[in-house]
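Take a look at the letters that make up each chain.
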Amino acid sequence: MLAGFFLIASCTRDYLPKPLGYNRLELPPPVYQPLPDSLPYSFEYSKYASLLPDTSNIRERYWIEVYYPTLKANVHVTYKRINHNDKLLKEFLDDAYTLTAKHQIKAYAINEAITKTPSGKTAVIAELEGEVPSQFQFTVTDSSKNFLRGALYFNTHVANDSLAPAIEYMKKDIMHMINTLEWKDK
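Just so it is clear, the structure is predicted and the values come from calculations on it, not from any experiment. By convention here, each chain's residues receive numbers from 1 onward along its written sequence. Where totals are concerned, whole chains, interfaces and linings use all residues; where local detail is concerned, this predicted model gives features only for residues with pLDDT of at least 70, and gives and counts side-chain atom pairs only at 80 or more. As a rule here, side-chain values cover all heavy atoms of the structure and leave hydrogens and water aside.

## Thoughts on the packing of aromatic side chains
Part 1 of the reasoning: The pairing test for Phe, Tyr and Trp rings, Trp by its six-membered ring, is centres within 6.5 Å, and the orientation test on the planes gives stacked under 30 degrees, edge-to-face over 60, and tilted for anything in between. Summed over the entire model, instances satisfying the criterion amount to five aromatic pairs.
Part 2 of the reasoning: Between Tyr 41 and Phe 43 the ring centres are 6.0 Å apart and the planes differ by 20°, which places this aromatic pair in the stacked class. Phe 43 shares its class with Tyr 41; the two are buried.
Part 3 of the reasoning: Seen from their ring centres, Tyr 79 and Trp 183 are 6.1 Å apart, and the 45° between their planes marks the pair as tilted. Relative accessible area decides the class of each residue, using a 1.4 Å probe on protein chains only: under 20% of the type maximum gives buried, over 50% gives exposed, and in between gives partly exposed.

## Let's talk about the environment of Asn 111
Part 1 of the reasoning: Structurally, Asn 111 can be placed in strand E7 (residues 107-116).
Part 2 of the reasoning: What makes Asn 111 partly exposed here is its relative accessible area of 38%.
Part 3 of the reasoning: If near-sequence neighbours (up to four positions away) are discounted, Asn 111 is found in contact with Ile 125, Ala 126, Glu 127 and Glu 129.
Part 4 of the reasoning: In the analysis that follows, any N or O atom pair within 3.5 Å is treated as a polar contact, provided that within protein one partner can donate a hydrogen and the other can accept it, and provided that, for residues neighboring in sequence, both atoms belong to side chains. A polar contact is formed between the side chain of Asn 111 and the side chain of Glu 129, at a distance of 2.9 Å. Strands here mean DSSP runs of E at least two residues long; helices mean DSSP runs of H or I at least four residues long; both are numbered from the N terminus. We call two residues in contact whenever any of their non-hydrogen atoms come within 4.5 Å of each other.

## Some thoughts on the pattern of salt bridges
Part 1 of the reasoning: By definition, a salt bridge exists where a carboxyl oxygen of Asp or Glu is found within 4 Å of a side-chain nitrogen of Lys or Arg. Across all of its chains, the model carries six salt bridges by this definition.
Part 2 of the reasoning: We note a salt bridge from Asp 37 to Lys 184, for which the minimum N-O separation is 3.6 Å. Separated by 147 residues along the polypeptide, Asp 37 in the loop between strand E1 (32-34) and strand E2 (41-42) and Lys 184 in the segment after strand E11 (182-183) bring together distant segments of the chain.
Part 3 of the reasoning: For Asp 37, a relative accessible area of 64% puts it in the exposed group.
Part 4 of the reasoning: Here Lys 90 and Asp 94 are joined by a salt bridge, their closest N and O atoms 2.8 Å apart. Highlighted residues: Lys 90 and Asp 94, both in helix H2 (residues 86-101), separated by four residues, approximately one helical turn.
Part 5 of the reasoning: Residue classification places Lys 90 among the exposed residues on the basis of a relative accessible area of 52%.
Part 6 of the reasoning: The partly exposed category is assigned to Asp 94, whose relative accessible area is 36%.

The following block contains the structure:
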């Protein structure tokens with residue numbers, strides 16, 4: 001009789017589905033390596049990343065992608081020579097600002113900071129909040145000969161709030177790239 005009661009009572013409950021789970025990200029400790037000597041700049045990048053040629057339609061010789069396969073993340077790096085041309089520097093800075101500003105439609109905030117690297121280069125760092133395709137962008141220049149721009153992209157449909165640990169991890173790696181950046185005379 002008691003078993004019949006439990007059988008009837010167990011059949012009257014409504015089923016509640018479990019919420020979707022999120023993948024756990026295993027973020028390795030940072031370990032860095034230098035770029036190859038074939039570029040007019042050098043910085044240290046993660047040993048967990050691969051260097052790929054830029055695949056955009058407007059790519060140039062020294063443009064690269066630093067690809068993190070486990071995070072499905074890319075840091076697009078573009079490089080331009082300035083050759084003491086202030087007009088050219090202004091054009092590159094304006095282009096970088098315009099590319100960042102295009103994210104204003106979906107961004108909750110764009111936080112920019114101007115800083116100096118340990119070797120004295122000027123860097124502009126832009127952190128973008130919200131459901132934007134690029135969460136972190138930067139430019140670095142010596143204001144006379146060289147200009148470098150980078151942007152972080154994740155190749156995934158996961159919302160940025162779920163990607164937060166990976167975004168923070170990538171920001172630290174990118175800041176290491178910026179702080180170890182050196183120009184080469186070619």
